[in-house]
Amino acid sequence: MELQNNVINAENLNEDNTLSLVQDKLKPGETMILDVGYNYFHQADKLYEMLVNEGYYVRKTFVNGRNQLLVAQKDDKHQMY
């Protein structure tokens, strides 16, 4: 899956695929947006918990009727506000 404008359609991704994708594509200082969509099966909540437990900054947002997660790496130089 190619990362374009740091937005990824995460509706059809499971937890393992999402974690692998975030680890591979997200660089320090970047923010990735996981577009979860309508959250029928509470994917946003599951992905949020998993990414927080893996040490990422994660913020839930709701844009244009779609659930999104903003994800950034935790490190000493970069922070998500």
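Look a little higher up for the structure.
Residues numbered from 1 in each chain as written. Predicted model: local features only at pLDDT ≥ 70, side-chain atom pairs only at ≥ 80, totals over all residues. Heavy atoms only, no water.

A. Seen up close, the packing of aromatic side chains. Tallied over the full model, the rule gives 0 aromatic pairs. The cationic tip of Lys60 hangs over the ring face of Tyr48; the distance from NZ or CZ to the ring centre is 4.9 Å. If you follow Lys74 out to its NZ or CZ, it ends over the ring of Tyr57, 5.4 Å from the centre. (Phe/Tyr/Trp six-rings, centres within 6.5 Å; stacked < 30°, edge-to-face > 60°. Lys NZ or Arg CZ within 6 Å of the ring centre and 35° of its normal.)

B. Focus on the nonpolar core. Membership of the largest hydrophobic core comes to 18 residues, with the highest contact counts inside it found for Val22, Leu34, Leu51, Tyr56, Leu69 and Val71. Counting only elements with at least two residues in this core, the list comes to α1 (15–25), β2 (31–37), α2 (43–53), β3 (56–63) and β4 (66–73). Looking at this core, the element that brings in the most residues is α2, giving 4 residues. (Core = buried A, V, L, I, M, F, W, Y, C linked by side-chain atoms within 4.5 Å. Buried < 20%, exposed > 50% of the residue type's maximum accessible area, 1.4 Å probe, protein only. Helix = DSSP H or I, 4+ residues; strand = E, 2+ residues; numbered from the N terminus.)

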